[in-house]
Amino acid sequence: MILLNPRRLDRHYPDARSQEVMRKTVAFFEKKGLNRLKDDFNQAVWYADFLEFIKEEGIFSTMMTPQSQGKEGEQARWDTWRICEFAEILGFYGLPYWYTYQVSVLGLGPIWMSKNKVAQAKAKKLLDEGHIFAFGLSEKEHGADIYASDMVLTSLGDGNYQASGGKYYIGNANKAGMVSTFGKMADSGDYVFFAVDSQHPRYELVKNVVYSQNYVAEYRLHEYPVTENDILARGDEAWNAALNTVNVGKYNLGWASIGMCTHAFYEAIDHASQRQLYGMHVTDFPHIQQLFNDAFARLLAMKLFALRAADYMKAASPEDRRYLLFNPMVKMKVTTQGEEVINLLWDVIAAKGFEKDRYFSMAAVEIRALPKLEGTVHVNMALIIKFMANYFFAPGSYPEVPRRDEGSDDGFLFAQGPTKGLGKIKFHDYQEVYDSYDLPNIHVFKEQLTLFKQMAMIAPPSAEQSKDIDYLLTAGEMFTLVVYGHLILENARIYELKDDIIDQIFDFMVRDFSKFALQLYSKPSSTPEQMQQCLKMIKKPATNTQRVQAVWNDYVLAMKDQYAMQP
């Protein structure tokens, strides 16, 4: 079974330590129980018990130490495949637990990308001691607009510096052993990354800006003393570290969403199958079956895509930067699909989704956060659109990427280099995998994507439309669906999925493509030629009652009575 079931952790583990980390993490939460989990969430209790567990078991040190910084025999490495499951498990039990891990990933990014060996040794020591980390990038007045940073580092002329300024919406900044802080040099205006200690007297922890188990801080530095040993990067290297760190970290957001949706699905199917209305089980109603089928297909697609993206993250190199398209899609597409899954399940369980002692009520709130973190959907879509021309019209040639679950270290993620040149990145030909399937809804979807590609040639965006973000975002959604289906089909073959569930996935893909085609048709700036092409793209999925019933019986009902968290 591809979806996570904490009762059966049967995923491939390349080493004993990886299996130990996952099993002990699951055991911690299962022992804590749902009632305590929800009480802590509802009362916004800082997760000290979780961090103490992480410290005692050395889990963050195992998960977040690159092999180059590790000790012999400790099985520490930065392994995107292993990170997938860990992030999924944390999300499965609650976004706050995932969040403290995620923010530590971001905080460590500039450190592991740095040439500062002293800072790296300090970070490893702190990890071994169980500390968490923070990433001081965004600011109250500028958000994530790092061009406009007001954090200033002033040279004192003797190899020492003073830092002054504020940062805002910074997770873990109340307890972080090192806070990687982005700013500018006072004299030159050059970008700089430096590390500070959240417990230093010149570090003012202003407040927690959210009501949550997390501490999402506003902090200020008041002539904070900085030495050369604290400086992580300057100039272009600091700029690259900021963006490349987000490249590493934002991938995890999709996995938090997958974990939350999976837990919510177990709760929803158990509730619906056990409840009777009007003399029938809720799951006997046709519209309920449709909602569940759609939710399951979307959830499975989320995981198939994110797993396949992990393979490309691990295969990344200076010559193969395809991950820079697939990675933001895990952040943007998978997290927005997570919202859709929760919405569908909520339509099934209705008022039950508000109850304070249910996991679902927590997921329904927290699922909304993920599309809005590490760059909004709009920011990531603007990035994704840059790849469209080469993806459609100038494919490259690469060796086939297999499933990368061998347990290797992903050192390239901390040596990504300059962030420019996105328009030159090539992708393997998407048509090959689409043409290898003979399924009704894939045929319909191929007609839609062909029409979309034709529109780019016969009715391309005008100069004005190219500046119209509203227009481009919808066009980007349609392009994103093509890439989404591409990797889903690659992984469907790897996991040997049956035709019924693949065709069911493309049932919703056809509907979604039609929805965005209608939106593009309705844009104020759309031309008659574009409108005509959009109308051709609006298509109905191929219907097949036997397929729908097979998905219901073989996949959705198979989730019933498989997992329930103990009180």
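Residue numbers restart at each chain and count upward from 1, following the sequence in its written direction. Reporting of local features is limited, given that this is a predicted model, to residues whose pLDDT is at least 70; pairs of side-chain atoms are given and counted only at 80 or more, and all residues count toward the totals for whole chains, interfaces and linings. The side-chain values count all of the structure's non-hydrogen atoms but skip hydrogen atoms and water molecules.

*Asks:* Looking at this structure, how should I read the nonpolar core?
*Replies:* The nonpolar side chains of soluble globular proteins are, as a tendency, buried together. Only buried residues count toward a nonpolar core. Its members are Ala, Val, Leu, Ile, Met, Phe, Trp, Tyr and Cys residues joined through side-chain atoms within 4.5 Å. Using a 1.4 Å probe on the protein chains alone, a residue whose accessible area is under 20% of its type maximum counts as buried, one over 50% counts as exposed, and one in between counts as partly exposed. Within the largest apolar cluster, 205 residues are counted, with the highest numbers of intra-cluster contacts made by Phe-50 and Phe-292. Sorting elements by how many residues they give to this core places helix α9 (residues 286–314) first, with 18 residues. Contacts: residue pairs with any heavy atoms within 4.5 Å of one another. Beyond its immediate sequence surroundings of up to four residues, Phe-292 is in contact with Phe-265, Ala-268, Ile-269, Ala-272, Thr-283, Leu-345, Val-348, Trp-552 and Val-556. Per the convention used, a helix needs a DSSP run of H or I reaching at least four residues, while a strand needs a run of E reaching at least two, with both numbered from the N terminus.

*Asks:* Can you help me understand the packing of helix α4 (residues 80–93) against helix α5 (residues 95–112) in this one?
*Replies:* Two quantities define a packed helix pair, namely the angle between the helix axes and the distance between the axes. Inter-axis angles, ranging from 0 to 180 degrees, are taken between N-to-C directions of lines fitted to C-alpha atoms, where helices are fitted over the stretch in contact. Interaxial distance between α4 and α5 falls to 6 Å at its minimum, and their mutual angle equals 140°. Packed against α4, whose contacting residues are Ile-83, Phe-86, Ala-87, Leu-90, Gly-91 and Tyr-93, the element α5 presents Leu-95, Tyr-97, Trp-98 and Tyr-101 at the interface. Residue type decides the class: Asp, Glu, Lys and Arg count as charged, Ala, Val, Leu, Ile, Met, Phe, Trp, Tyr, Cys and Pro as nonpolar, and the leftover types, Gly among them, as polar. In terms of residue class, the contact of α4 with α5 is made up of nine nonpolar, one polar and no charged.

*Asks:* What should I look at first to understand the packing of α9 against helix α19 (residues 545–556) in this one?
*Replies:* Two numbers describe how α9 lies on α19: the axes approach to 10 Å, and their chain directions differ by 70°. As far as their axial angle goes, α19 and α9 are roughly perpendicular. The way α9 lies across α19 gives a crossing that is left-handed. The residues of α19 that touch α9, namely those facing Gln-289, Phe-292, Asn-293 and Phe-296, are Val-548, Gln-549, Val-551, Trp-552, Tyr-555 and Val-556. Classifying every residue of the contact of α9 with α19 by side-chain character gives seven nonpolar, three polar and no charged. Any angle that falls under 35 degrees is termed roughly parallel, while one over 145 is termed roughly antiparallel, one within 65 to 115 roughly perpendicular, and all others oblique. Helix crossings fall into two classes, left-handed where the near helix is turned counterclockwise from the far one by less than a right angle and right-handed where it is turned clockwise.

*Asks:* So what exactly am I meant to see when it comes to the pairing of strand β7 (residues 216–227) here?
*Replies:* The two faces of a sheet get side chains in turn, since along a regular strand they alternate between them. Between any two strands, at least two bridges found by DSSP are needed for them to pair. Relative to β7, strand β3 (residues 160–171) runs antiparallel, the two sharing ten bridges. Looking across to β7, one finds that Gly-171 is bridged to Val-216. Pairing analysis gives five bridges linking strand β6 (residues 203–208) to β7, with the strands arranged antiparallel. For Asn-208, the partnering residue across the bridge sits in β7 and is Ala-217.

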